[in-house]
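Fold and contact review
Here are the chains, one letter per residue:
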Amino acid sequence: MTAHVAQYTLDVTDLELMASFWSRALGYQIRQGDDGSAKLWPPPDRPGPTVWLQGSGTPKREKNRLHLDLVSDGDPRDEVRRLLALGARPADVGQSGEEGFVVLADPEGNEFCVLDHAPRR
């Protein structure tokens, strides 16, 4: 028996802003709860983990210890530009510029990466 990733949970302070950003970034559908949370569902033709945005009264304080690595089905540079237009911003976590990814932060400062290509074995 093994476990698999079913959901990624992110504490947020501005639920509307973050649901809008992440749903557009990932192409997921929003189902807003009446408890200060929202769940983002992947399209039926592209299975993947759900994202639960959990309302929190506290802002992010330090670098994430766990983050998303995104991959685009197009040019990763175009994807970075698209995410920046949605409200992401460049993030510096000590990278050299020679990595095979770009580090960004969402509107509340949570870091994530856009990979140059999907991981390979």
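All figures in this text were calculated on a predicted structure; none of them were measured in a lab.

What to know about the pattern of salt bridges
Enumeration over the complete set of coordinates arrives at four salt bridges. In this structure, Arg 77 engages Asp 75 in a salt bridge whose closest nitrogen and oxygen atoms are separated by 2.7 Å. In this structure, Arg 82 and Glu 79 form a salt bridge, with 2.7 Å as the shortest nitrogen-oxygen distance. Here Arg 82 and its partner Glu 79 are both found in helix 2 (residues 76-86), three residues apart, which amounts to about one turn of the helix. Residue Arg 82 is classed as partly exposed on the basis of its relative accessible area, which comes to 33%.

Observations concerning the packing of aromatic side chains
The full count for this structure, using the stated rule, is three aromatic pairs. A centroid spacing of 6.2 Å and a plane angle of 55 degrees characterise the contact between Phe 21 and Phe 112, whose relative ring orientation is tilted. On the criterion of sequence distance, the pair formed by Phe 21 in helix 1 (residues 15-26) and Phe 112 in strand 8 (residues 111-115) is long-range, its members being 91 residues apart. Exposure class is identical for Phe 21 and Phe 112. Each is buried. With centroids separated by 5.0 Å and ring planes inclined at 65 degrees, the aromatic side chains of Trp 22 and Phe 112 adopt a geometry described as edge-to-face. Linking Trp 22 in helix 1 with Phe 112 in strand 8, this pair joins segments that are 90 residues apart in sequence. Here Trp 22 matches Phe 112 in class, with each residue buried. One aromatic cluster is present, formed by Phe 21, Trp 22 and Phe 112 through successive ring pairs.

Here's the deal with the sheet that holds strand 4 (residues 50-55)
If you walk across this open sheet you meet the four strands as 1-4-3-2, and the pairing is mixed. At either end of the open sheet lies a strand with only one pairing partner, and these are strand 1 (7-12) and strand 2 (29-32). Each strand of the sheet is rotated relative to its neighbour by a mean of 20 degrees, with strand direction disregarded.

Digging into the layout of surface pockets
Roughly 600 Å³ of internal volume is contained in the largest pocket. Taken together, 22 residues make up the lining of the largest pocket; nearest its centre are Leu 26, Tyr 28, Arg 46, Leu 70 and Val 71. Residues that form the lining of the largest pocket fall into these classes: 13 nonpolar, four polar and five charged. Considered as a void within the structure, the second largest pocket measures approximately 250 Å³ in volume. Along the wall of the second largest pocket there are 14 residues; nearest its centre are Leu 10, Asp 11, Lys 60, Asn 64 and Asn 110. Grouping the amino acids of the lining of the second largest pocket by side-chain chemistry returns four nonpolar, six polar and four charged.

What counts as what
Residues numbered from 1 in each chain as written. Predicted model: local features only at pLDDT ≥ 70, side-chain atom pairs only at ≥ 80, totals over all residues. Heavy atoms only, no water. Salt bridge = Lys/Arg side-chain N within 4 Å of Asp/Glu carboxyl O. Helix = DSSP H or I, 4+ residues; strand = E, 2+ residues; numbered from the N terminus. Buried < 20%, exposed > 50% of the residue type's maximum accessible area, 1.4 Å probe, protein only. Phe/Tyr/Trp six-rings, centres within 6.5 Å; stacked < 30°, edge-to-face > 60°. Pairing = 2+ DSSP bridges. Axes fitted to C-alpha atoms, helices over the stretch in contact; angles between N-to-C directions. 1 Å grid on protein atoms, 1.4 Å probe; cavity = no way out; pocket = protein on both sides within 12 Å on 5 of 7 lines; lining within 4 Å. Points joined across faces, edges and corners; volume = space filled by probe spheres on them. Nonpolar A, V, L, I, M, F, W, Y, C, P; charged D, E, K, R; others polar.

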